[in-house]
Amino acid sequence: MVALLAATALLLLGAGRAHSAPLGATPAHLVPVAQASTVLAVVPVAQARVVSVPLAPAPFDPADPTAPADPTDPAAPSSPDGGVTVQINGPDGTPSGAVVTLIGITLLSVAPALLLMMTSFTKIFVVLAMTRNALALPNIPPNQVLAGLALFLSLFIMMPVLTDVNNLAVQPYLGGHLDFGAAVEAASKPLQTFMLAHTRQEDIALMTRAAGMDNPASAADVPMTTLIPSFMISELRAAFIIGFVIFIPFLIIDIVVSSALMSMGMMMLPPVMVSLPFKILLFVLVDGWGMVITALIQSYRGG
């Protein structure tokens, strides 16, 4: 209680001193702004408040505006005829992503034709189809199975050629060391070597005479437009020869079964129905699929 009375007395004493200031004195909170940047005043605790005093801003001197630059003349076209030049390579010489995508889509669209004309796919598929017909099974295996087997066998046989194409043409083109025309020419060399090794000279001469051209001086001078159809004719001929060899044992089985049925007087019983189990049994016992595939692979060895 005594402490509370003492604090009250001190507050009253401070208020009395503040009211007894001289009449001519200017209160601290009425000092002009231009004359004081910092004002210190002793104010009683009960009347204390924060007063913000704005400072005068610094003078701003704007710079003079610059005159606009004169427009430059348009550049002359690079080609003398005023045509448009299209650059398919990037700044560092590598092909741009859009060009690579366009080439990939184009290759996908023509891939079936390239697969049929310039690889071993045609010969393998024809031989497998003739083997199926020799067994008197027109739909077993189905065409999808034969096509898939022929496709992977073609990739197996063509792997050295595809590796050369990748090393000589694709990777240098993607690295910017070759332009598109040089890459196409480099990629055609391994394919041309492969097709020449499995194309008969008679077929090349046939297509050369059909085109009305002179005979090439060497095999390397045969154009692709003549070599590709010649290669396909040679592949079909070789496929039919292999198919003929496959048909002979099954034909013998048909003749034996037909003669046995005729001797027993079973003329109304179809010989194909009786000979089919014997054909399948013979084909399985001699490992027919393995022999056919081995013969196909061996026909391309050394080419």
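Here, the structure is the one placed above.
One structure accompanies this document, and this report is about it. (Residues numbered from 1 in each chain as written. Predicted model: local features only at pLDDT ≥ 70, side-chain atom pairs only at ≥ 80, totals over all residues. Heavy atoms only, no water.)

**Quick notes on the overall build of the protein chain**
The condition is simple: Working definition: helices are DSSP H or I runs of at least four residues, strands are E runs of at least two. Numbering for both runs from the N terminus. Partly exposed describes any residue whose relative accessible area lies between the buried limit of under 20% and the exposed limit of over 50%, with all areas from a 1.4 Å probe on protein chains only and scaled to the type maximum. The contact criterion used is simple: two residues touch if any of their non-hydrogen atoms lie within 4.5 Å. Residue exposure ignores everything except the shown protein chains as possible cover, and the areas themselves are Shrake-Rupley values with a 1.4 Å probe.
Secondary structure assignment for the protein chain yields 9 helices and 0 strands. Going from the N terminus to the C terminus, the protein chain shows its helices and strands as α-α-α-α-α-α-α-α-α. Burial statistics for the protein chain: of 303 residues in total, 23% are counted as buried. A fraction of 67% describes how many contacts in the protein chain between residues 6 or more apart in sequence connect residues 24 or more apart. Accessible surface, the protein chain: about 21200 Å² in total, of which carbon and sulfur atoms supply 70%.

**Concerning a nonpolar patch on the surface**
Here is the rule we go by: Exposure above 30% relative accessible area and the absence of a salt bridge qualify a residue for a patch, where like charges join within 9 Å and nonpolar side chains (Val, Leu, Ile, Met, Phe, Trp, Tyr) within 5 Å. A side-chain nitrogen of Lys or Arg and a carboxyl oxygen of Asp or Glu constitute a salt bridge if their distance falls within 4 Å.
Taken together, the side chains of Ile241, Phe244, Val245, Ile248, Ile252 and Val256 define a hydrophobic patch exposed on the protein surface, amounting to about 570 Å² of accessible area. Along the polypeptide, Val256 turns up in helix H7 (residues 224-263). Val256 sits in the exposed class, given a relative accessible area of 53%.

**Some points on the environment of Ile242**
For Ile242, the position within the fold is in helix H7. Sequence separation between Ile242 and Lys123 is 119 residues, and the spatial gap between their C-alpha atoms is 9.5 Å. Those residues in contact with Ile242 that sit more than four places away from it in its chain are Lys123, Val127 and Leu296.

**A short note on the packing of aromatic side chains**
The geometry of two aromatic rings is summed up by the distance between their centres and the angle between their planes. Heads up, the condition is: Centres within 6.5 Å are what make two rings of Phe, Tyr or Trp a pair, Trp counting through its six-membered ring; a difference in plane orientation under 30 degrees is then read as stacked, over 60 as edge-to-face, and the rest as tilted. Here, a charge over a ring means that NZ of Lys or CZ of Arg falls within 6 Å of the ring centre while also lying within 35 degrees of the ring normal.
Counted by the stated rule, this structure contains 5 aromatic pairs. Between Phe194 and Tyr300, the aromatic rings sit 6.0 Å apart at their centres with planes inclined by 15°, giving stacked as the arrangement. Of the two residues, Phe194 is situated in helix H5 (residues 180-197) and Tyr300 in the segment after helix H9 (288-299); the sequence distance between them amounts to 106 residues. Per residue, the accessibility class of Phe194 equals that of Tyr300, and both read buried. Each ring, one from Phe250 and one from Phe283, has its centre 6.0 Å from the other, and the planes form 45°; the classification is tilted. Separated by 33 residues along the polypeptide, Phe250 in helix H7 and Phe283 in helix H8 (residues 271-285) bring together distant segments of the chain. The class of Phe250 is buried, set by a relative accessible area of 5%. Members of the aromatic cluster, joined through ring pairs, are Phe194, Phe231 and Tyr300. Positioned above the aromatic ring of Tyr300 is the side chain of Lys123, whose terminal nitrogen or guanidinium carbon lies 4.6 Å from the ring centre.

**Concerning unusual backbone geometry**
Residue Pro141 follows Ile140 across a cis peptide bond; omega there is -5°. Structurally, Pro141 is set in the loop between helix H3 (121-134) and helix H4 (143-174). Residues other than glycine seldom take positive phi values, yet Ala136 does so here, at roughly 60°. Here Ala136 shows up in the loop between H3 and H4.

**Some points on helix H6 (residues 201-211)**
Here is the rule: This arc is built from the directions going out from the helix axis to the C-beta atoms.
Every buried residue belonging to H6 is among Asp203, Ile204 and Thr208, and all of these are buried. Buried residues of H6, seen end-on, are gathered within an arc of 135° and therefore sit on one face of the element. Opposite the buried face of H6, at more than 90 degrees from it, the exposed residues are Glu202, Arg209 and Ala210. Contacts from the buried residues of H6 go to H5 and H7. Note on H6: the residue one or two positions beyond its end, Gly212, has a positive phi of about 70°.

**Examining the nonpolar core**
Defined as follows: Here the nonpolar core consists of buried residues drawn from Ala, Val, Leu, Ile, Met, Phe, Trp, Tyr and Cys, with membership extended through side-chain atoms lying within 4.5 Å.
If you look at the biggest cluster of nonpolar residues, it comprises 32 residues, and the most contacted ones within it are Ile124, Phe194 and Met195. When contributions to this core are tallied by element, the ones reaching two or more residues are H3, H4, H5, H7 and H9. By residue number, the principal contributor to this core is H3, which donates 7 residues.

**Brief notes about the environment of Pro141**
C-alpha separation for the pair Pro141 and Ala129, spaced 12 residues apart in sequence, amounts to 9.0 Å. The contacts of Pro141, once residues within four sequence positions are left out, are Arg132, Leu146 and Trp289.

**Quick word on the side chain of Arg132**
Rule in force here: By the counting rule applied here, Lys and Arg register as positive and Asp and Glu as negative, while His and the ends of each chain are not counted. We call two N or O atoms a polar contact when they sit within 3.5 Å, provided that within protein one can donate a hydrogen and the other can accept it, with sequence-adjacent residues counted only if both atoms are side-chain atoms.
Following the sequence through the fold, Arg132 ends up in helix H3. Buried and unpaired, Arg132 has Asp254 as its nearest opposite-charge partner, separated by 15 Å. Separated by 3.0 Å, the side chains of Arg132 and Asn143 make a polar contact.

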